[in-house]
Every structure is written in structure tokens, then in C-alpha cells.
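This is what each chain is made of:
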Amino acid sequence: MVREFYSEPSVPEDPEVTRQREQEEIHRLLVRPEGKCSREMQESLDRINFVLLKKIFLEVAVRCGINEDGLNFLENNRIFGISEDFGSGEYQTKGNIILLGEGPRVNFLKDRDKNRAKEVYGSSDICLLATLIHEEVHAISKNICMGDITQSGYNRGGSGQESFQGEEIRVIFYALNEGVVEKLSREIVLEYLRRAGLPEKETTIYRETVLKRPKELNYYREVTLVNTIIKKLSEETGQSEEAVFESFIRGLLEGEKFENTEAAELFKKVFGPEFLKDLSAIDPAYVTGAKEKLEEFKKKYNL
């Protein structure tokens with residue numbers, strides 16, 4: 001199972017409790033004055049071919065040994081807008097829903113941000129699609145909850161959560177996780193655009209942004225870090241960069257913890273014994289002080 005809930009250590013939560021909690025959260029969102037989301041967002045979501053999108057996600061999952069029954073792909077009815085002071089998007093594990101921002105901080109469907117959406121993504125629709133796909137990748141990742149301690153892909157966090165090698169830290173492997181998620185998201189967006197038959201002018205803009213102007217996209221630093229690590233592992237192992245990234249995707253879907261595994265030994269051999277410990281402490285660049293910490297990390301390991 002991609003999603004696991006525990007009422008206490010080693011005691012799985014009753015599936016009926018999980019289902020009831022999800023339904024209550026969906027109901028809470030639906031009965032808000034604004035309902036599921038704004039009219040503009042719903043129209044944009046309705047233009048997404050969810051059948052095609054799910055097919056592409058399933059192709060990724062099958063390559064990693066996960067069948068359709070185990071794929072936690074969220075359909076249109078589990079996607080909600082949020083008009084509060086909110087970022088661009090978030091996957092919420094306990095409710096098994098995706099929230100997309102349409103409030104004062106970010107809203108690519110409104111005139112204020114439409115121009116940037118067109119310049120970077122080709123259209124507001126593709127911008128929303130890219131945000132949604134990023135959160136869908138979080139949704140299909142291995143997600144485990146036990147109280148307020150959670151794991152999503154490589155990312156682990158919660159009150160008193162231990163880091164990779166024993167130090168207490170609230171969130172670990174955060175930057176690595178977002179980098180892998182965003183890199184995979186971009187590949188899925190490009191594949192969807194290739195198959196969906198959208199206007200060539202719009203799809204070309206997003207493709208050129210990914211290839212030529214990636215600094216304009218979210219998680220640029222994190223994706224760059226992942227690409228650099230992949231390149232180094234490829235050079236050291238003789239595997240193609242595509243094969244190495246496939247291993248990272250599998251780790252995302254299986255919840256790789258780098259604890260006494262072949263992957264941990266490989267990182268130790270290629271980068272040194274402290275590499276994973278240092279990597280586990282790197283946050284995404286938007287966290288205060290994270291950019292400086294990332295630069296120090298890259299300098300230390302010649303990345």
C-alpha cells in the first residue's frame with residue numbers, strides 16, 4: 001500500500017476510520033461558502049484530461065512495481081481550491097486531498113499573475129496543471145502517518161522525529177524529496193502535453209522553460225541538486241542517468257529511508273560517510289537560511 005496509517009506503533013488504523021476521516025474533510029471543504037473551488041479553477045480543472053493523466057502516472061508506477069490498485073492518483077473530486085493565505089499547492093495525507101492556492105499570495109488564474117503564468121508556462125491552465133501534477137506525485141509517494149509523525153517519499157518529520165543518524169530534527173530529506181518530486185513532475189507534465197494535443201505555442205513555452213530557463217520554475221535549486229547527484233552516481237556506477245533517476249523514483253514510491261540499505265552504502269562509497277547525514281538536514285530554498293546551507297553543502301562535496 002502507498003498510504004499507511006497507524007493508531008500506535010505496529011497497529012494499523014482501522015480502514016473505516018481512515019475512510020470516515022477523509023469523508024469528513026471532503027464534506028467540510030464542500031460546505032464552505034466558496035464550495036469546492038472558484039468557478040475559474042473548476043473550469044481549468046475540467047479542461048484536464050484526467051484519464052490520460054492517470055494513465056501516465058500508472059506507467060511510472062508500473063515501472064516501479066506498483067499496480068493500479070496501489071496507485072493513489074487523486075481524481076478531480078479530491079482537488080480543492082483554498083482562498084486563504086496559502087502557497088501554490090499542497091497534498092494533505094490524512095484527508096487524501098490536494099489543495100490548490102487561489103488566494104492573496106498566489107493565484108495564476110487571476111489577472112495579477114496571469115502574465116507570469118503565460119511567460120513561464122505558456123498559459124494559466126498549464127501553470128495549474130504543473131502545480132497539480134507536483135502534488136499528485138506527493139500523493140502517489142509512499143505516505144505513512146503515525147500520530148503527528150509522518151513520512152512522504154524520502155521526507156520524514158514530526159515531533160521528536162530522529163534524523164538519519166540519530167540527531168533530533170523536525171524534518172529530514174526535505175530538499176531531496178522536493179527535488180525528486182519536481183523533477184518527476186516536469187517529466188510527467190511534458191509527456192502529458194505531448195499526448196494531450198494542446199496548442200503548440202503554449203506547450204512550446206513550457207518545454208523551453210524546462211530546458212532553457214529552469215531558474216524560473218519552482219524548486220530550481222532542489223532539482224539542480226538532484227541532477228548533480230544523479231550525474232555523479234551515473235559516472236561512478238556506469239549506469240545511465242535515466243536508470244539512476246529511475247532508482248530515485250522507486251525510492252520515492254517505496255519510502256526509501258537510507259538505513260542499512262544498498263543505496264546507503266552506494267552513497268557512502270561515492271560521496272563519503274557523512275553525505276547522507278548532511279543531505280538529510282537540507283531544507284528547500286524557501287526556508288530561512290536554507291539557500292546558504294545548501295551552498296555550503298555543495299561546496300563541501302564538490303557538487
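Note: the structure precedes this text.
Residues numbered from 1 in each chain as written. Predicted model: local features only at pLDDT ≥ 70, side-chain atom pairs only at ≥ 80, totals over all residues. Heavy atoms only, no water.

Student: In this structure, what is going on with the sheet that holds strand E3 (residues 79-82)? I would like to understand it.
Tutor: Paired through backbone hydrogen bonds, the strands of a sheet run either parallel or antiparallel to each other. Spatially, three strands are ordered E3-E5-E4 in an open sheet, and the strand pairing comes out mixed. Edge strands, defined here as strands with exactly one partner in the open sheet, are E3 and strand E4 (89-92). Within the sheet, the average angular offset between the axes of one strand and its neighbour, ignoring direction, is 25 degrees. Taken together, the four bridges between E4 and strand E5 (residues 97-101) define a ladder with antiparallel strand orientation. (Pairing = 2+ DSSP bridges. Helix = DSSP H or I, 4+ residues; strand = E, 2+ residues; numbered from the N terminus. Axes fitted to C-alpha atoms, helices over the stretch in contact; angles between N-to-C directions.)

Student: Quick question: what am I supposed to make of helix H2 (residues 39-46) here?
Tutor: In an α-helix, one full turn covers 3.6 residues, which means residues spaced three or four apart are oriented alike. Where H2 is concerned, the buried positions are Met41, Ser44 and Leu45. The buried residues of H2 occupy an angular sector of 100 degrees when the element is viewed end-on, so they sit on one face. (Buried < 20%, exposed > 50% of the residue type's maximum accessible area, 1.4 Å probe, protein only. Arc of directions from axis to C-beta.)

Student: Can you walk me through the side chain of Glu178 in this structure?
Tutor: Note that Glu178 resides in helix H6 (residues 174-196). Buried and without a salt bridge, Glu178 has Arg186 as its closest oppositely charged side chain, separated by 10 Å. Only 3.2 Å separates the side chain of Glu178 from the side chain of His138, close enough to count as a polar contact. Excluding residues within four positions of it along the chain, Glu178 makes contact with His134, His138, Tyr219 and Pro284. (Lys, Arg positive; Asp, Glu negative; His and termini not counted. Salt bridge = Lys/Arg side-chain N within 4 Å of Asp/Glu carboxyl O. Polar contact = N/O pair within 3.5 Å; in protein donor to acceptor, adjacent residues only side chain to side chain. Contact = heavy atoms within 4.5 Å.)

Student: How do you make sense of the environment of Phe248 when you look at a structure like this?
Tutor: Tracing the chain through its elements places Phe248 in helix H9 (residues 241-254). The exposure class of Phe248 is buried, given its relative accessible area of 5%. It is 9.5 Å that separates the C-alpha atoms of Phe248 and Asn177, two residues lying 71 residues apart in sequence. When residues no more than four places from it in sequence are discounted, the contact partners of Phe248 are Tyr154, Leu176, Val180, Ile229, Ile230, Leu233 and Phe267.

Student: Would you explain the sheet that holds strand E9 (residues 171-172) in this entry?
Tutor: With mixed pairing, the six strands of this open sheet are ordered in space as E2-E1-E6-E7-E8-E9. In this open sheet, the two edge strands, each paired with only one partner strand, are strand E2 (11-12) and E9. In this sheet, E2 lies alongside strand E1 (residues 3-8) in antiparallel orientation, the contact comprising two bridges. Counterpart to Glu8 in the pairing with E2 is Val11.

Student: Just checking my understanding: could you explain the packing of aromatic side chains for this structure?
Tutor: Two descriptors summarise a pair of aromatic rings, namely the distance from one centre to the other and the angle between the planes of the rings. A complete count under the given rule lists 16 aromatic pairs for this structure. Seen in terms of ring centroids, Tyr174 and Tyr286 are 6.5 Å apart; in terms of plane orientation they differ by 90 degrees. Their pairing is edge-to-face. On the criterion of sequence distance, the pair formed by Tyr174 in helix H6 and Tyr286 in the loop between helix H11 (275-280) and helix H12 (290-300) is long-range, its members being 112 residues apart. A cation over an aromatic ring shows up here: Lys36 above the ring of Phe80, its NZ or CZ 5.9 Å from the ring centre. In this structure, Lys183 packs its charged tip against the face of Phe245, placed 4.8 Å from the ring centre. (Phe/Tyr/Trp six-rings, centres within 6.5 Å; stacked < 30°, edge-to-face > 60°. Lys NZ or Arg CZ within 6 Å of the ring centre and 35° of its normal.)

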